[in-house]
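Topology and contacts: notes
Below are the chains, spelled out letter by letter.
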Amino acid sequence: ENAGIVAHLRQLSLLSKITIGLYVGFSLLLPMILSHFEMVSISVLVMIFPIAVLYFLYWRTSRACIPLDTVIKLFASGYVVAVLSAVVLEGILEVVFGVILFILFGGVIAKAMKEAGGGDDGTSDGKNFIGGGGGGGNALFGFGLGERMKGFFSHFGGGASVSSFGNLFLDDAATGGNNGYDEQKVRELLGKYILLVLLIAFLFLFVIPGFVEEYTKHMSVRATWLPHPLRSPRAVCIALVSAALGFATKENLQYVFSVGRSNYEGELALLGLRSLFPVHAICAGIQAVQMI
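On a plain count of helices and strands, the protein chain comes out with 13 helices and zero strands. Its helices and strands taken in sequence order, the protein chain reads α-α-α-α-α-α-α-α-α-α-α-α-α from the N to the C terminus. Per-residue burial for the protein chain yields a buried fraction of 44% across its 292 residues. Look at the contacts in the protein chain between residues 6 or more apart in sequence, and 69% of them connect residues 24 or more apart. Accessible surface for the protein chain amounts to roughly 15,200 Å². Of this, 67% is attributable to carbon and sulfur atoms.

Rendered as structure tokens:
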């Protein structure tokens, strides 16, 4: 159990070997073949943090608590299963709460969009709000807000402005689009409806993502059949952190590549910034305390 890395790698199951092979193939070899060397470097760098955490938490002192094969599978579960589950569940909750908010504040939203110059009347604005998640529709609040926030932070390294913040709520026109929104009016409206903006931002950017992400990470461990039961508090902590690190790794890749391959320095800066705040791993540790 305390043997070296080579001995542990020899004990890996076929599924774990396939998992490692798929990551290496799609994240390293394929980009190299396509000459996307910046993507290769990002795919390597994004793994430094989870490997470092697992080295100190697991490999250095506690490798006898849980097999390496299980750690790899739980990491992959967080990387794939938890992320996909979170996307689906978060999308459903955004639609549900978006409809509720539209019912409660639809008149205010339509009025605000009209004041911003997005249309000649409030009717079309209300319809655009309903379709805000996709298809080119506008959305003051609600559907697609998570993606808008990701876009906002992807430009953070390049100097976010009021216009880019307004883009979260008033579509692409706030940052130079052609839908007729006036940036000065956007500034005024953000101040006028600041409480509503903060309420909806808190709901869509913290409450829903926080609940969904922590729930899916937790269930990616609890709902997984393990050949070796987690018998010690240390093993429970390692299992939850492994899944959380897989989730965080996939999320970091999504955030970093949203910057665009033409901004390699921005990608590195964003990756470094996100690595400084390992929220998912910390929350997994807190969950482990509650499960022990």
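Now that the structure has been shown, the text picks up again.
A surface patch of nonpolar side chains, about 710 Å² in accessible area, is lined by Val88, Ile92, Val95, Val96, Val99, Ile100, Ile103 and Leu104. Residue classification places Val96 among the partly exposed residues on the basis of a relative accessible area of 39%.

Bringing the nonpolar core into the picture now. Counting 33 residues, the largest nonpolar core has Tyr58, Ile66 and Val241 as its most contacted members. Taken together, the elements giving at least two residues each to this core come down to α4 (48-59), α5 (68-115), α11 (233-257) and α13 (279-291). A total of 11 residues in this core trace back to one element, the largest contributor, which is α11. Ala82, Leu101, Ile200 and Ile208 belong to the second largest nonpolar core, which has 15 residues in total.

This part takes up the packing of helix α3 (residues 37-45) against α11. Where α3 contacts α11, the two axes come as close as 10 Å, and the packing angle between them is 145°. You can see that α3 and α11 cross each other, and the crossing is right-handed. Counted together, Met39, Ile42 and Ser43 of α3 and Leu253, Val256 and Phe257 of α11 form the full contact between these two elements. Of the residues that constitute the contact of α3 with α11, the class distribution is five nonpolar, one polar and no charged.

All chains considered together, the criterion is met by five aromatic pairs. Here Phe211 and Tyr215 contribute two aromatic rings whose centre-to-centre distance is 5.9 Å and whose plane-to-plane angle is 15°, an arrangement assigned as stacked. Residue Phe211 and its partner Tyr215 are located together in helix α10 (residues 194-222), separated by four residues, close to a single helical turn. One cation-aromatic arrangement involves Arg63 over Trp59; the distance from NZ or CZ to the ring centre is 4.0 Å. The aromatic ring of Tyr255 is capped on one face by Arg274, whose charged end is 4.2 Å from the ring centroid.

Glancing now at the environment of Val186. Take Val186: it is sitting in helix α9 (residues 183-192). Each C-alpha atom of the pair Val186 and Ala112 lies 9.1 Å from the other, and the pair is 74 residues apart in sequence.

Taken as a whole, α3 has its buried residues at Val40, Ser41, Ile42 and Ser43. Here the buried face of α3 lies against α2 (14-33), α11 and α12 (264-275).

For any part of a model where pLDDT is low, the fine detail of the predicted coordinates should not be relied upon. Taken residue by residue, the protein chain gives an average pLDDT of 77. The fraction at 70 or more is 74%. Confidence, expressed as mean pLDDT per element, reaches its minimum in the protein chain at helix α6 (residues 122-130) with 41 and its maximum at α4 with 93. Scored below 50 in pLDDT, residues 119-146 makes 73 contacts in the model with residues more than four places away or belonging to other chains. Ignoring residues within four places in sequence, the model shows residues 148-179, a span with pLDDT below 50, making 63 contacts including any to other chains.

The rules behind the values
- Once a new chain begins, its residue numbering starts again from 1 and follows that chain's sequence as written.
- Whole-chain, interface and lining totals are the exception, using all residues; otherwise, since this is a predicted model, local features are given only for residues with pLDDT of at least 70 and side-chain atom pairs are given and counted only at 80 or more.
- Values shown for side chains rest on all heavy atoms present in the structure; no hydrogens or waters enter the calculation.
- The helix and strand labels rest on DSSP assignments: H or I over at least four residues marks a helix, E over at least two residues marks a strand, and numbering proceeds from the N terminus.
- Relative accessibility under 20% of the residue-type maximum defines a buried residue, over 50% an exposed one, and the middle range a partly exposed one, all with a 1.4 Å probe and only protein chains included.
- Here, residues are in contact when the closest pair of their heavy atoms is within 4.5 Å.
- We get accessible surface area from the Shrake-Rupley algorithm with a probe of 1.4 Å; when it comes to residues, only the shown protein chains can shield them.
- Like charges within 9 Å and nonpolar side chains (Val, Leu, Ile, Met, Phe, Trp, Tyr) within 5 Å are joined into patches, using only residues over 30% in relative accessible area that form no salt bridge.
- By salt bridge we mean one thing: a side-chain nitrogen of Lys or Arg within 4 Å of a carboxyl oxygen of Asp or Glu.
- Put simply, a nonpolar core is a bunch of buried Ala, Val, Leu, Ile, Met, Phe, Trp, Tyr and Cys residues held in one set by side-chain atoms that sit within 4.5 Å of each other.
- Convention adopted: a line fitted to C-alpha atoms gives each axis, helices being fitted over their contacting stretch, and angles between N-to-C directions are expressed from 0 to 180 degrees.
- Should the near helix be turned anticlockwise from the far one by less than a right angle, the crossing is termed left-handed; should it be turned clockwise, right-handed.
- Think of it as three bins: nonpolar holds Ala, Val, Leu, Ile, Met, Phe, Trp, Tyr, Cys and Pro, charged holds Asp, Glu, Lys and Arg, and polar takes everything else, Gly as well.
- Side-chain rings of Phe, Tyr and Trp, where Trp is taken by its six-membered ring, are said to pair if the distance between their centres is within 6.5 Å; with planes under 30 degrees apart they count as stacked, over 60 as edge-to-face, and otherwise as tilted.
- Definition used: whenever NZ (Lys) or CZ (Arg) falls within 6 Å of the ring centre and also within 35 degrees of the ring normal, the charge is taken to sit over that ring.
- For every residue, the pLDDT score states the predictor's confidence, bounded by 0 at the bottom and 100 at the top.

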